[in-house]
Amino acid sequence: MANINIQELLDNGVHFGHLTRKWNPNMAPYIYTERNGVHIIDLYKTAAKIEETSEALKKIANSGRKILFVATKKQAKDIVAEKAKAVSMPFITERWPGGMLTNFVTIRKAVKKMTSIDRMKQDGSFDALSKREKLQINRQREKLEKNLGSISDMTRLPGALFIVDIKKEHIAVAEAMKLNIPIFAMVDTNSDPRLVDYVIPANDDASKSIDKVLSYVIDSIAEGLTDRKTDKDKVKEAKTPKKEEAPKTEATPKVAAPVAEEVPATKEAPITKETPKVEEAKAKSTDTSAEETK
């Protein structure tokens, strides 16, 4: 993860808190001073908390679990959507659907409804409907896409929540606390940090401040995902059988093999009829023997 520059945090207005009359006393450890009726956040503590949060999120991303980003306020929704898409993480930037976590099964049914509508359009059954039915289904599809399209890939409960402004997203915080899901959040001076597991004391109202803090967080998540990918590749390489190479031995001088004397192969002569010359010799010998007897 890149080193956090305090000057960059200062230039982006991360240090500005709320008015002193709107503060939450539990945020006192993170407040540096007060100026013109506005609390100033201690940026050194902010930098330390960003590092701690980033390290924890990196481990969650490396484990393969999803991190759900929640930001429905106007200043943050576009930034959060863009950053979450960059690392393929789910996000909620419209209205938080009640029971999103505690009644996750019902939410998944609504997501599957979108998939079934898409399937109808592909297989041609959608064209067989009347014009009025098509209009109703299209409206239903658009509504589901707007509210739940960003979480269509989330097949199980997320491993963590990252929230911008826990005061506005109090329902999401309550549901996560009920299910013991770790909460990471940008917390301003008007919020209670005790509700959050990993606090980043920062200005959660300015778009520049939100963008700067999220850039550090997203970089650490991306790093965790790349580490996971490399680990998977190593496991695949280990599983694939390698061709066994013959052990290399020192070259020994070749000894010429003794040349064996060639022995003429004795073949049994095939039994054939006697040649005419042999027959003539035999006939002469019989004639001479007959003369001697006379």
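Trainee: Hey, could you run me through the overall build of the chain in this one?
Mentor: Looking only at helices and strands, the chain features eight helices and eight strands. Residues counted as buried form 37% of the 294 residues belonging to the chain. Counting only contacts in the chain whose residues sit at least 6 apart along the sequence, the fraction spanning at least 24 positions is 63%. With the model as given, the accessible surface of the chain reaches about 19500 Å², and the carbon-plus-sulfur share is 52%.

Trainee: Would you mind showing me how to read the sheet that holds strand 3 (residues 38–41) here?
Mentor: Within a beta sheet, neighbouring strands are joined by backbone hydrogen bonds and run either parallel or antiparallel to one another. An order of 1-3-2 is seen for the three strands of this open sheet, with the pairing classed as antiparallel. Looking at strand neighbours, the two that pair on one side only are strand 1 (16–19) and strand 2 (31–35), the edges of this open sheet. Within this sheet the neighbouring strands show an average axis-to-axis angle of 30°, counted without direction.

Trainee: What is the right way to look at the layout of surface pockets in this model?
Mentor: Estimates place the volume of the largest pocket at around 160 Å³. In this structure, the largest pocket is lined by Ile 6, Gln 7, Leu 10, His 15, Tyr 32, Ile 40, Ile 41, Asp 42, Leu 43 and Tyr 44. Among the residues forming the lining of the largest pocket, the class breakdown is seven nonpolar, two polar and one charged.

Trainee: Looking at this structure, how should I read unusual backbone geometry?
Mentor: A negative phi angle is the norm for most residues apart from glycine, just as the trans form is the norm for most peptide bonds. For Asn 36, which is not a glycine, the phi torsion comes out positive at approximately 55°. Assessed through its relative accessible area of 75%, Asn 36 is described here as exposed. Look at Ser 88: it is not a glycine, yet its phi comes out positive at around 60°. Residue Ser 88 is classed as exposed on the basis of its relative accessible area, which comes to 52%.

Trainee: How do you make sense of the pattern of salt bridges when you look at a structure like this?
Mentor: When charged atoms on two side chains of opposite charge get close, those side chains can pair. A complete count under the given rule lists 12 salt bridges for this structure. Lys 73 is the partner of Asp 205 in a salt bridge, and the nearest nitrogen-oxygen pair spans 2.8 Å. You can see Asp 205 sitting in the loop between strand 8 (198–201) and helix 7 (207–239) and its partner Lys 73 sitting in the loop between strand 4 (67–70) and helix 3 (74–86), a full 132 residues away along the chain. Note that Glu 145 and Arg 141 form a salt bridge whose closest N and O atoms lie 2.8 Å from each other. With a gap of four residues between them, Glu 145 and Arg 141 both fall in helix 5 (residues 131–148), about one helical turn apart. According to the relative accessible area criterion, Arg 141 is buried, its value standing at 17%.

How each quantity is defined
- Residues numbered from 1 in each chain as written.
- Predicted model: local features only at pLDDT ≥ 70, side-chain atom pairs only at ≥ 80, totals over all residues.
- Heavy atoms only, no water.
- Helix = DSSP H or I, 4+ residues; strand = E, 2+ residues; numbered from the N terminus.
- Buried < 20%, exposed > 50% of the residue type's maximum accessible area, 1.4 Å probe, protein only.
- Contact = heavy atoms within 4.5 Å.
- Areas by Shrake-Rupley, 256 points an atom, 1.4 Å probe, with all protein chains shown as cover.
- Pairing = 2+ DSSP bridges.
- Axes fitted to C-alpha atoms, helices over the stretch in contact; angles between N-to-C directions.
- 1 Å grid on protein atoms, 1.4 Å probe; cavity = no way out; pocket = protein on both sides within 12 Å on 5 of 7 lines; lining within 4 Å.
- Points joined across faces, edges and corners; volume = space filled by probe spheres on them.
- Nonpolar A, V, L, I, M, F, W, Y, C, P; charged D, E, K, R; others polar.
- Salt bridge = Lys/Arg side-chain N within 4 Å of Asp/Glu carboxyl O.

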